[in-house]
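Summary of structural features
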Amino acid sequence: MPSTLLDLASTLVSTDNRGDWRAYEWLVVVGAIVAFAMAWAIGANDVANSFGTTVGAKTITLWQACLIAAVFEFVGAVALGGE
């Protein structure tokens, strides 16, 4: 395992290791987990921004806001999330 970022970069571009990408599969897995966590946090922040004033004004309850947000976040992700 390379000890510094420079060693990692030189290992990736060296000609003798071009076919050995399996050693870096953990990087893809960690990247996917971090991306999922960031998307979750951004979505939670958007929901809090959109429903905060409504719940604060006691127009709907917190439970109703969570239910509405869950339904529409799911529908939006399924309908508009990919091609």
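Residues numbered from 1 in each chain as written. Predicted model: local features only at pLDDT ≥ 70, side-chain atom pairs only at ≥ 80, totals over all residues. Heavy atoms only, no water.

1. Focus on unusual backbone geometry
At K58, a residue that is not glycine, the phi angle is positive and equals roughly 60°. Turning to its location among the elements, K58 is positioned in the loop between α2 (25–56) and α3 (62–80). (Helix = DSSP H or I, 4+ residues; strand = E, 2+ residues; numbered from the N terminus.)

2. With respect to the confidence of the model for the protein chain
For the protein chain, the mean per-residue pLDDT works out to 82, and 80% of the residues sit at or above 70. Averaged pLDDT values over the elements of the protein chain bottom out at 68 in helix α1 (residues 5–13) and peak at 89 in α3. (pLDDT = per-residue confidence, 0-100.)

3. A look at α2
Here α2 spans 45 Å end to end across 32 residues, near enough to the 46 Å set by a 1.5 Å rise per residue. Taking the largest bend as the criterion, α2 deviates by roughly 35°, centred on S50. (Expected span 1.5 Å × (residues − 1). Bend = angle between axes of the 7 residues up to and from the residue.)

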